[in-house]
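Summary of structural features
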Amino acid sequence: MLTVRLSKEMDTQLSALAEKTHRAKSFYVKKALKKFLDEEAEHEWAAASYHEFLESGQKTMTYEQFVAENNL
């Protein structure tokens, strides 16, 4: 169980949305939290991949170099 305190404005907006759509406020809070957690996980993966690339010592190349090197 988790308790979250919202600003008056956020609570008003959330309540209006819930009433308009006939959904529970918790439905939207869960949906927003899921989206945030997924984005944070993706960010962490990208940062780890970037650091791994930097540590590998590999060189970067431009798109034009890639096309030329791969005969595309």
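So, how was this worked out
In every chain, residue numbers begin from 1 and rise along the written sequence. In keeping with the predicted nature of the model, local features appear solely for residues at pLDDT of at least 70, side-chain atom pairs appear and are counted solely at 80 or more, and the whole-chain, interface and lining totals rest on all residues. Processing note: side-chain calculations cover all non-hydrogen atoms of the structure and skip hydrogens and water entirely. Here the term patch refers to residues with relative accessible area over 30% and no salt bridge, with like charges joined within 9 Å and nonpolar side chains (Val, Leu, Ile, Met, Phe, Trp, Tyr) within 5 Å. All accessibility values rest on the Shrake-Rupley procedure with a 1.4 Å probe; residue burial counts only the protein chains present in the view. Throughout this description, the term salt bridge denotes a Lys or Arg side-chain nitrogen within 4 Å of a carboxyl oxygen of Asp or Glu. Residues scored as charged are limited to Lys and Arg (positive) and Asp and Glu (negative), so that His and the chain ends carry no count. Charge placement uses NZ in Lys and CZ in Arg. For Asp and Glu, CG and CD serve respectively. By definition, any uninterrupted DSSP run of H or I lasting at least four residues is a helix, any uninterrupted run of E lasting at least two residues is a strand, and each is numbered from the N terminus. A 1.4 Å probe rolled over the protein chains alone gives each residue an accessible area, and that area as a share of the maximum for its type sets the label: buried under 20%, exposed over 50%, partly exposed in between. Each residue carries a pLDDT score, the predictor's own confidence in it, on a scale running from 0 to 100. Pairs were defined over the aromatic rings of Phe, Tyr and Trp, the Trp ring being its six-membered one, requiring ring centres within 6.5 Å. Orientation was assigned from the angle between planes: stacked under 30 degrees, edge-to-face over 60, tilted for the rest. In our convention, an over-ring charge means Lys NZ or Arg CZ found within 6 Å of a ring centre and within 35 degrees of that ring's normal.

**What about a negative patch on the surface?**
On the surface, Glu39, Glu40, Glu42 and Glu44 cluster together into a negatively charged patch. Among the secondary structure elements, glutamate 39 is positioned in helix H2 (residues 25–56). Look at glutamate 39 and you get partly exposed, because its relative accessible area is 44%.

**Digging into the pattern of salt bridges**
In this structure the tally under the stated criterion is two salt bridges. One salt bridge in this structure joins lysine 25 and aspartate 11, with 3.0 Å as the shortest N-O distance. Pair noted here: lysine 25 is in helix H2 and aspartate 11 is in helix H1 (residues 8–21), with a separation of 14 residues, a long-range link. A relative accessible area of 33% places lysine 25 in the partly exposed class. Look at aspartate 11 and you get partly exposed, because its relative accessible area is 30%. Note that aspartate 38 and lysine 34 form a salt bridge whose closest N and O atoms lie 2.9 Å from each other. A residue pair is termed a helical-turn pair when its members lie 3 or 4 positions apart in one helix, as aspartate 38 and lysine 34 do in helix H2 at four residues. For aspartate 38, a relative accessible area of 38% corresponds to the partly exposed category.

**A short note on the confidence of the model for the protein chain**
Overall, the prediction assigns the protein chain a mean pLDDT of 96, with 100% of residues at 70 or greater. Mean pLDDT values over the elements of the protein chain span from 94, in helix H3 (residues 63–69), up to 98, in H1.

**What to know about a nonpolar patch on the surface**
Among the surface-exposed residues, Leu2, Val4, Leu6 and Met10 lie close enough to one another that they form a single nonpolar patch of about 390 Å² accessible area. Its place among the elements puts valine 4 in the segment before H1. Since its relative accessible area comes to 52%, valine 4 is described here as exposed.

**A few points about the packing of aromatic side chains**
Inspection of the entire model under this criterion finds one aromatic pair. A centroid spacing of 4.9 Å and a plane angle of 85° characterise the contact between phenylalanine 27 and tyrosine 28, whose relative ring orientation is edge-to-face. Residue class for tyrosine 28 comes out buried when judged on its relative accessible area of 16%. Sitting above the plane of the phenylalanine 27 ring, arginine 23 keeps its charged end 4.1 Å from the centroid.

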